[in-house]
Each structure stands twice: as structure tokens, then as C-alpha cells.
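The lines below spell out each chain.
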Amino acid sequence: MSRKPELKGRAARLARLLPTRPKGAARTPFVLLVVLLLGGGLIGLLVLNSALSEGSFKLDDLQDDVKSYTDEEQALQRDVDAYSAPDALQRRARELGMVPGGDPAFLNPDGTVKGVPSAAQSVARMPLVLAPEILDPGPPTSPTPSASPTPSGSPPRPPRPPPWLF
């Protein structure tokens, strides 16, 4: 074994000012610190990875829900479009006993009436272009009014406008 050479003079005084440390004791806390940091980092990555995986599964479930809701919305929109088509509206109106309206009259701001209103015509008098499934509507739901005979000397009166126009 070799010994350290003894210092003399100024070098000895300076050597006494520097602290002395044991050789193996300083390495152990550093190694423990590195191992703890690495272990903590790995555990942190594991927790982060698990949280991201859970979020991914949740996102996947939510995307499936959105897809099913979108499909349902599109089906409902197709139903609404089918019910609001002109031929479907006409068929439903006929089922309810409605008939097409006559010519309208308009009320001007000064109180005068523009146009001559006419009464709604019954289904039998109004020729329509119908879709093939509507061609056989069945018996009429409302009776057709019969024309009343007028006295031979008097001309027929024009129809009166509805009371809500005045």
C-alpha cells in the first residue's frame, strides 16, 4: 500500500483547510437517488399511458354513440322529408277532408279590396295531377254541394269575400 506523501509548509496548511471525506460513503446516496428517479419516471409513464388508454377507449365509445345518433338523425330527417313532400301533404290533406282554396282577395292599406275572392272548390270539380298511389282515393269524405237553381230573371251573385278580409 502506498501512503500519501507528507506535506510540509504552505501545502500542509492548505491541506488542513480542505475537508476530508470517506471514500465509499458518497456514492451510495447518489446511486439511490438515480434509482428512485428512474423508478419514479417509469411509474409515472405507466400511469400516464394507462390514463391515455382509458381516454382512448372513452373517445372510441363516444364516437360510436355519435355515429349511431347521426344515423338516427338521418333516418328521422328522411321521415320528415317524406311527410313534407308535396304529394304526401296533399294526400294527408285529402284524408282530413281539406280541399284546395279558391282565388284570394287582398286588403290594401287604404281599406280597399284587390281581387275577387272565390270559394274553395270541391274535390269533384278540381282536376288534379295525382301520383299513382293516390289515383284511387276511395269514396269522397265530404258531400259535393249541388248547384241551386237561380230564378230565370236574376243573374247569379258573385261570391262574398270572407268576413276576415274586412
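Residues numbered from 1 in each chain as written. Predicted model: local features only at pLDDT ≥ 70, side-chain atom pairs only at ≥ 80, totals over all residues. Heavy atoms only, no water.

Colleague: Is there a simple way to explain the overall build of the chain in this structure?
Modeller: Across its full length, the chain carries 3 helices and 2 strands. Helices and strands appear in the chain in the N-to-C order α-α-α-β-β. Taking all 166 residues of the chain together, 5% fall into the buried category. Contacts spanning at least 24 positions in sequence make up 40% of the contacts within the chain whose residues lie at least 6 apart. Here the chain has roughly 15400 Å² of accessible surface; of this, 64% comes from carbon and sulfur atoms. (Helix = DSSP H or I, 4+ residues; strand = E, 2+ residues; numbered from the N terminus. Buried < 20%, exposed > 50% of the residue type's maximum accessible area, 1.4 Å probe, protein only. Contact = heavy atoms within 4.5 Å. Areas by Shrake-Rupley, 256 points an atom, 1.4 Å probe, with all protein chains shown as cover.)

Colleague: Got a minute to help me understand the confidence of the model for the chain in this structure?
Modeller: Note: predicted coordinates in regions of low pLDDT should not be interpreted at a detailed level. The predicted model of the chain averages 78 in pLDDT, with 67% of residues at 70 or higher. Model confidence for the chain, summarised as mean pLDDT per element, is weakest for helix H1 (residues 10-17) at 78 and strongest for helix H2 (residues 27-83) at 95. (pLDDT = per-residue confidence, 0-100.)

Colleague: Got a minute to help me understand the pattern of salt bridges in this structure?
Modeller: Pairing is possible between side chains of opposite charge, provided their charged atoms come close. For the structure shown, the criterion picks out 1 salt bridge. In this structure, the salt-bridge partner of Glu 95 is Arg 92, at a minimum N-O distance of 3.4 Å. Residue Glu 95 and its partner Arg 92 are located together in helix H3 (residues 86-95), separated by 3 residues, close to a single helical turn. (Salt bridge = Lys/Arg side-chain N within 4 Å of Asp/Glu carboxyl O.)

Colleague: Quick question: what am I supposed to make of a nonpolar patch on the surface here?
Modeller: A surface patch of nonpolar side chains, about 470 Å² in accessible area, is lined by Phe 30, Val 31, Val 34, Val 35 and Leu 38. With respect to the helices and strands, Val 31 occurs in helix H2. Residue classification places Val 31 among the partly exposed residues on the basis of a relative accessible area of 43%. (Patch = residues over 30% accessible without salt bridge, like charges linked within 9 Å, V, L, I, M, F, W, Y side chains within 5 Å.)

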